[in-house]
Amino acid sequence: MDKKRLYKSDTNRMICGVCGGIGEFLNIDPTIVRLILVLLGFTSTGIIFYILAAIIMPSRPY
């Protein structure tokens, strides 16, 4: 059984590929993830989450 892993997106990226990677992992449109992150950004939670995820999430190995 193949484990599903969370990686930054290489193909669907705007800044670092965090939202694209989360969208690919959850099988939803990355635009929805970006909209949720923007809404969270108004409370500064989204900004902190994005910066931490950009640092912690690995890029997809090839």
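As shown above, the structure is provided for reference.
Residues numbered from 1 in each chain as written. Predicted model: local features only at pLDDT ≥ 70, side-chain atom pairs only at ≥ 80, totals over all residues. Heavy atoms only, no water.

**Q** Would you take a moment to explain the overall build of the protein chain for this structure?
**A** The helix and strand tally for the protein chain stands at three helices and zero strands. For 62 residues, the compact-globule estimate of 2.2 N^0.38 gives 11 Å, and the protein chain sits close to it at 12 Å. Seen through its principal axes, the protein chain has C-alpha atoms that stretch 40 × 20 × 20 Å. Looking at the 62 residues of the protein chain, the share that counts as buried comes to 31%. (Helix = DSSP H or I, 4+ residues; strand = E, 2+ residues; numbered from the N terminus. Rg over C-alpha atoms; globule rule 2.2 N^0.38 Å. Buried < 20%, exposed > 50% of the residue type's maximum accessible area, 1.4 Å probe, protein only.)

**Q** Any chance you could explain the packing of aromatic side chains here in plain terms?
**A** Here a ring pair, both rings aromatic, is described through the centre-centre distance and the interplanar angle of the planes. Here the structure, examined in full by the defined rule, presents zero aromatic pairs. A cation over a ring is seen here: K4 above F25, with NZ or CZ 5.3 Å from the ring centre. (Phe/Tyr/Trp six-rings, centres within 6.5 Å; stacked < 30°, edge-to-face > 60°. Lys NZ or Arg CZ within 6 Å of the ring centre and 35° of its normal.)

**Q** Would you explain the packing of helix α2 (residues 30–41) against helix α3 (residues 45–56) in this entry?
**A** Helix-helix packing is described using two parameters, namely the angle between the two axes and the distance between the axes. Where α2 contacts α3, the axes come no closer than 5 Å and their chain directions differ by 125°. Considering their axes alone, α2 and α3 lie oblique with respect to each other. Residues L37, L40 and G41 of α2 form the contact with α3, whose own contacting residues are T45, G46, I47, F49 and Y50. Class assignment for the residues of the contact of α2 with α3 results in five nonpolar, three polar and no charged. (Axes fitted to C-alpha atoms, helices over the stretch in contact; angles between N-to-C directions. Parallel < 35°, antiparallel > 145°, perpendicular 65-115°, else oblique. Contact = heavy atoms within 4.5 Å. Nonpolar A, V, L, I, M, F, W, Y, C, P; charged D, E, K, R; others polar.)

**Q** Looking at this structure, how should I read the environment of C19?
**A** With respect to the helices, strands and loops of the structure, C19 is situated in helix α1 (residues 18–26). In this structure the C-alpha to C-alpha distance between C19 and D29, which are ten residues apart in sequence, comes to 9.4 Å. Discounting chain neighbours no more than four positions away, the residues touching C19 are P30, V33, R34, L37 and Y50.

**Q** Help me understand the environment of A54 in this model?
**A** Mapping A54 onto the fold places it in helix α3. The buried category is assigned to A54, whose relative accessible area is 17%. In sequence terms A54 and G17 are 37 residues apart; their C-alpha atoms lie 7.9 Å from each other. Contact partners of A54, with chain neighbours within four places excluded, come to K8, C16 and V18.

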